[in-house]
Every structure is written in structure tokens, then in C-alpha cells.
Amino acid sequence: MARRWWRALVPFPRRSTLRHWFPGFETRNIVHLIGRTRADWLVDVGANEGQYVRRLRSGGLALPALSVEPLADMHARLSAEAARDPLWHLAPPMALGASLGRIEITRYADASLSSALAPHPRAVGSPALAVAEREEVALAPLDVVMAEHAPSASRPFVKLDVQGYEMAVMAGASETLARAAGVQIELSLTPGYADEPSYLETLGALDSRGFVPVYCAPVTQRRRLGPWLQMDAVLMRREDV
């Protein structure tokens, strides 16, 4: 009762407002690690509505940023966010892969889980992965996108959140990853999509390109008892660690 009484009188800020003005340790540490990589650009692949760039901006990251997002309505919201930041650049609505072409993205009930892949058999039936609609979008290699939209990036930090499509994106990003200062990637500890590589395969592919993990954090910021389903891994060049 006392708590409700106080809440009626005191205008408690929303959780998102608190995170903006008082970023948590995970955000501050990721910004710190990106600074250690000496990156000159931030590349946000799978940008959704721009949460990642907003989060790092709240932690003090002031690098030029390029965001890539395939879904049209998410891209429109992303454009509205980026319009307020002169250092925030957008590629046209597109997905990334190994070659130029077209690809169908399945939009799930939770739009942040939208993917070119079908749900893993063990995930079928999850309300978050209920099919809402399908959208055909342009497909391009990251190397092509970087050459057109961030040609000055000589040491980019690349964030990949592509819902199981990581290997295809990396296949089209050989030049970008060869000069990248670091990578942040979402890894599934329990597969959510059919044909999704295991987290060990993904880390192995990055290890072969000279990256080693230096920090991991849960994807969800809500603390719950039990196993993690996904984690964000930050990787740096082996010689810089």
C-alpha cells in the first residue's frame, strides 16, 4: 500500500528513461571495449528500431554509425531516430547475405526475432515466433554496402544481430571483417531457428578471422533464474587483447 501511495505522488521515470540517463554496467563496458578497439565507425547490422545505437549513445559512444535493417516499417522508425543524430547513417531497407539478390524475411509476432530462417522444431509453437507476415526485400553483401554508405570506415566495429543468418552475412563481409576492429554478435545457446549455426561454430568462424571473445552479456536485461537462451558476445582482434 505504501508503495502505491508514493507512486501516486512521485513521478517515477520510465525504465527506458532511466536506462538512457543512467546506462547500466553492460552498456558502459561495451562502450569502453569499443573504445579500446580504436574503431572509427559503428556498423549496426539488424538494427530493428535503432535500440543498439541509442543504447551506446547513452553510454557515451560518439562514433559515426551505419545501420542496416530490412523490414520497411522498422526502417521507417529507424529513420525517424537517425534523423535526430547527424552522425547516424542508414542504408536503404535491405538484408545482408553472401550475394546480391532478393530474399524473403519472415516477420514473427516479436518483430525483433524476424529472420530469413524458419523456427527450429523445438521453438515451433512459441508465441513470439508465430508468423505474422512475410516480406521480400533486397539482399546485398556487407562489403558492397560499406563501400557505398561508409567508404571512410577503415576500422569499423561490426554488430551482427541477424537471427541465425550470421554465416551468410559473414560470407559477404570478408573485406569488412578483415579490417574490422571488433565484433559484437548475438549467439543462441539454445537454437531458435532451423539451420542456425551453433554458437561454437559462429565463434570458430570469427576466431579464424582473428577475433577472440572478451566479454559476454545476456541478451535480455531482465534478471531471471535459469539458463540463458542467448547472449551478446564482444570480440576484439587477438593482437589487441
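Reading the values: rules and limits
- Residues numbered from 1 in each chain as written.
- Predicted model: local features only at pLDDT ≥ 70, side-chain atom pairs only at ≥ 80, totals over all residues.
- Heavy atoms only, no water.
- Phe/Tyr/Trp six-rings, centres within 6.5 Å; stacked < 30°, edge-to-face > 60°.
- Helix = DSSP H or I, 4+ residues; strand = E, 2+ residues; numbered from the N terminus.
- Buried < 20%, exposed > 50% of the residue type's maximum accessible area, 1.4 Å probe, protein only.
- Core = buried A, V, L, I, M, F, W, Y, C linked by side-chain atoms within 4.5 Å.
- Contact = heavy atoms within 4.5 Å.
- Polar contact = N/O pair within 3.5 Å; in protein donor to acceptor, adjacent residues only side chain to side chain.
- Pairing = 2+ DSSP bridges.
- Right-handed = clockwise from strand over helix to strand, strands pointing away.
- Axes fitted to C-alpha atoms, helices over the stretch in contact; angles between N-to-C directions.

Student: How should the packing of aromatic side chains be read in this particular structure?
Tutor: We describe a pair of aromatic rings using the distance from one ring centre to the other and the angle between the two ring planes. Scanning the model with the defined rule gives 2 aromatic pairs in all. Pairing Phe 25 with Tyr 215 gives two aromatic rings, centres 6.5 Å apart and planes at 75 degrees, and the pair type is edge-to-face. With a gap of 190 residues between them, Phe 25 in helix H3 (residues 25-37) and Tyr 215 in strand S9 (residues 211-218) connect regions that are remote in the sequence. On the basis of relative accessible area, Tyr 215 is assigned to the buried category, the value being 16%.

Student: Can you walk me through the nonpolar core in this structure?
Tutor: Nonpolar side chains in soluble globular proteins tend to end up buried together. By size, the foremost hydrophobic cluster in this structure holds 32 residues, and its most contacted members are Leu 96, Leu 142, Val 145, Ile 185 and Leu 235. Elements represented by at least two residues in this core include exactly strand S1 (41-45), strand S2 (65-68), helix H6 (142-149), strand S7 (156-160), helix H7 (166-171), strand S8 (182-188), helix H9 (199-207) and strand S10 (230-237). What Leu 235 contacts, discounting residues up to four positions off in sequence, is Phe 157, Gly 182, Val 183, Ile 185, Leu 203, Leu 206, Phe 211, Val 212, Pro 213 and Val 214. Counting residues in hydrophobic clusters, the runner-up holds 22 residues, among them Ile 34, Ala 82, Ala 217 and Val 234.

Student: In this structure, what is going on with the environment of Ala 116? I would like to understand it.
Tutor: Residue placement: Ala 116 occurs in the loop between strand S5 (101-108) and strand S6 (131-140). Taking relative accessible area as the criterion, Ala 116 reaches 27% and is therefore assigned partly exposed. A C-alpha to C-alpha distance of 6.1 Å links Ala 116 and Glu 104, two positions 12 residues apart in sequence. If near-sequence neighbours (up to four positions away) are discounted, Ala 116 is found in contact with Ile 103, Glu 104, Ile 105 and Tyr 165.

Student: Got a minute to help me understand the side chain of Gln 184 in this structure?
Tutor: Mapping Gln 184 onto the fold places it in strand S8. Judged by its relative accessible area of 2%, Gln 184 is buried. Within the structure, Gln 184 has its side chain in polar contact with the side chain of Tyr 52 (distance 2.9 Å).

Student: What am I meant to see in the pairing of S2 here?
Tutor: The two faces of the sheet receive side chains in turn, since in a regular strand these alternate between them. Neither face of S2 is left uncovered, since the one carrying Ala 65 and Ser 67 and the one carrying Leu 66 and Val 68 both have all their residues buried. Of the strand pairs in this sheet, S1 and S2 are connected by 4 bridges, and their pairing is parallel. Looking across to S2, one finds that Val 45 is bridged to Val 68. Taking the sense of rotation as the criterion, the β-α-β connection linking S1, helix H4 (residues 51-58) and S2 turns out right-handed.

Student: Any chance you could explain the sheet that holds strand S3 (residues 88-90) here in plain terms?
Tutor: One key point about sheets: their strands pair by backbone hydrogen bonds, in either a parallel or an antiparallel sense. A sheet is described by the order of its strands in space; here 7 strands give the open sequence S3-S2-S1-S7-S8-S10-S9, paired in mixed fashion. Two strands close off the open sheet at either side, each with one partner strand: S3 and S9. Within this sheet the neighbouring strands show an average axis-to-axis angle of 20 degrees, counted without direction. Where S7 and S8 come together, 4 bridges link them in parallel fashion. Its bridge partner lying in S8, Lys 159 is registered against Gln 184.

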